[in-house]
Amino acid sequence: MLFTASFLRFRRPLVAFSALLALSACESESTPSAPDVIIDPSINQIATSAPINTTSSDTLVYFSFTANAPVAMTAPWDIALRRYEVRLNSAATAGTTNRGVTAYSIGNNKALANDQILALTVESTRAAFDSVRTSAIPTDSLFKSESLVANSTGYLNLAGIPTANATAYWKVKSTTGHAIARVSTITLSATNSLGAITIESRVQTGATLGAVRSLPITLATTPVHVSLVQNAVVTPNGCNWDLQINPITFAMITNAACMVGTYPGGSAPTFANQTVASDAPQYATYISTLAVPIPNSISDVQAPFRYNLQGSNRLHPAFNTYLIKVDARVYKLQLINYYSAAGASGYPTLRYARIR
C-alpha cells in the first residue's frame, strides 16, 4: 500500500466550515468585564478591547495594541483577526511591507480537559494572566512568524483512503499571469497509484477571474505537466508548464525554475466566489499551506477557542496565552470571548498587556 508515513505527515485536522456558520447567537459563554480602554498600555498594565466585529469570512480586521482598537490596513497594525483566526503582521499576511511580527504560544491551558475549560471565566483567569511577566519570554528563536510551507499533497484528504479536497484551492502566479486552481476529483488505479485527476482553474484577465474550466487527466506511471493558461497537459519545455503531478508519489509541484508560485486560498471566499488571484501577499514556489504560531484550528488545544463542548455549536475561550513580539516590545494576549453583548458570534474580545 502506498499511503505510508509520507502521507501521514501531511494529515491535518478537518473542521467543516458549515459548522462555524451554525454557531448560535445566544448569551455569551463568558461575559467580560467593562473594557479597560487604555491607549498604549504601560508595562504590565492590562488592556481589554471592546468586542471586535470580525464576522466577515473573507476580510481581515487589523488591530493595533498601541491604539487598543481596529485600524486601517495601511496603519501600523500588529495582528489581524477574521472569525476565530489570529494573524500577524508578517510577510505571509502583509507582504513586503510587513513589520515582522512574531508570536509564541505559552500553551498554558493545552492540557486542560473540556470540563475544566468550561469552568474558566474572565475573572478567574485574570490573576494567572497578570502573573505572566518577562520571565515567561523565551529566547528569540522560539518566536515564530507566519510562513508558507510546502505541502505537495495539500489537494488531498488523507484521513483514510485519499480523496480530493475540493474545498482547498490556491492562488497561482503562473508563467504567464495569475489564476486559481484546485483538484476537484481523483481516481485511484488498481495498484493504488493516482489513476486520474481533474484540475479546475479560473484564469485572471485584467482584474477579473474567468469562468471555471475543467481539465480531466488520465495518468499512467510518469509525471504529467499542466499549463493553466492553456488548460491542457503539455510536453514540458522550459516555462510552458505550471504544475506537475506525479501519479506514483501523488506529489504536485510547481515550475519553480520559472517562479510559478502559490498561496492557499483559505476557507472563504470559496473557489467559485473568489474574485482575484493577483493579490496574494506572497507566492511560494511550491504548493503551499499557511503555518501559524497561533493555531487557527478550533480543534487544536493551543488555539484561542474550543468548539461545541456542550453540544451547542458554540466557541468557548480556552484562555491560552500568546506572546506577540513587535520590534523590541513583547505583549501577552488572550482572546477572552467570541460573542457580542447581544450574543452574536464573530465578535472576539482581546485581553493583553505589554510585558517588555
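None of the values given here were measured: they were computed from a predicted structure.

Engineer: Is there a simple way to explain helix α5 (residues 122-130) in this structure?
Structural biologist: Working note: α-helix, 3.6 residues per turn, so residues spaced by three or four point in the same direction. Every buried residue of α5 is listed here: Val-122, Thr-125 and Phe-129. Viewed end-on, α5 has its buried residues packed into an arc of 75°, placing them on one side of the element. Exposed and facing more than 90 degrees away from the buried side of α5 are Glu-123, Ala-127 and Ala-128.

Engineer: Would you mind going over the packing of aromatic side chains with me for this structure?
Structural biologist: Tallying each qualifying case throughout the model produces 10 aromatic pairs. An angle of 65° between the planes, with centres 6.4 Å apart, marks the rings of Tyr-331 and Tyr-352 as edge-to-face. Here Tyr-352 lies in strand β25 (residues 345-354) and Tyr-331 lies in strand β24 (residues 329-339), a separation of 21 residues in the sequence. The two residues Tyr-331 and Tyr-352 agree in class, both being buried. Taken together, Phe-63, Phe-65, Tyr-331 and Tyr-352 form an aromatic cluster joined through their ring pairs. Lying over the aromatic face of Phe-129, Lys-332 brings its terminal NZ or CZ to 4.8 Å of the ring centre.

Engineer: Help me understand the state of the cysteines in this model?
Structural biologist: Inspection of every chain in the model, using the stated rule, returns 1 disulfide. Residue Cys-239 pairs covalently with Cys-258 via a disulfide, S to S 1.9 Å. The disulfide joining Cys-239 to Cys-258 has a torsion of about -85° about its S-S bond and is therefore left-handed. Note that Cys-239 is positioned in the loop between β16 (232-234) and β17 (243-245) and Cys-258 in the loop between β18 (252-254) and β19 (261-264), a separation of 19 residues in sequence.

Engineer: Teacher, can you tell me more about the environment of Asp-115 here?
Structural biologist: Tracing the sequence through the fold places Asp-115 in helix α4 (residues 114-119). With a relative accessible area of 56%, Asp-115 lands in the exposed category. The sequence separation of Asp-115 and Leu-309 amounts to 194 residues, and the corresponding C-alpha distance is 7.9 Å.

Engineer: I keep staring at the pattern of salt bridges and nothing clicks. Help me out?
Structural biologist: Where charged atoms of side chains with opposite charge meet at close range, the side chains can pair. As enumerated under the stated definition, the model contains 7 salt bridges in all. A salt bridge links Arg-87 to Glu-85, with the nearest nitrogen and oxygen atoms 3.8 Å apart. Overall, the relative accessible area of 14% leaves Glu-85 in the buried class. With a closest N to O distance of 3.2 Å, Asp-130 and Arg-133 form a salt bridge.

Calculation criteria
All chains use their own residue numbering, which begins from 1 and follows the written sequence. Reporting in this predicted model follows two pLDDT cut-offs: at least 70 for local features of residues, and 80 or more for side-chain atom pairs to be given and counted; totals over whole chains, interfaces and linings ignore these cut-offs and use all residues. No hydrogens and no water enter the side-chain calculation; it runs on all heavy atoms of the structure. For the exposure calls, accessible area comes from a 1.4 Å probe over protein chains only, and a residue counts as buried if that area is under 20% of its type's maximum, exposed if over 50%, partly exposed in between. Counting from the N terminus, the helices are the DSSP runs of H or I reaching at least four residues and the strands are the DSSP runs of E reaching at least two. Read the arc as the range of directions from the helix axis to the C-beta atoms. For this analysis, a ring pair means two rings from Phe, Tyr or Trp (six-membered ring only for Trp) whose centres lie within 6.5 Å, classed as stacked if their planes differ by under 30 degrees, edge-to-face if by over 60, and tilted for the remaining angles. Remark: a charge is flagged as sitting over a ring if the NZ atom of Lys or the CZ atom of Arg is within 6 Å of the ring centre and within 35 degrees of the ring normal. In this description, a disulfide is simply a cysteine sulfur pair whose atoms lie within 2.5 Å. Salt bridges are defined as contacts in which a side-chain nitrogen from Lys or Arg sits within 4 Å of a carboxyl oxygen from Asp or Glu.

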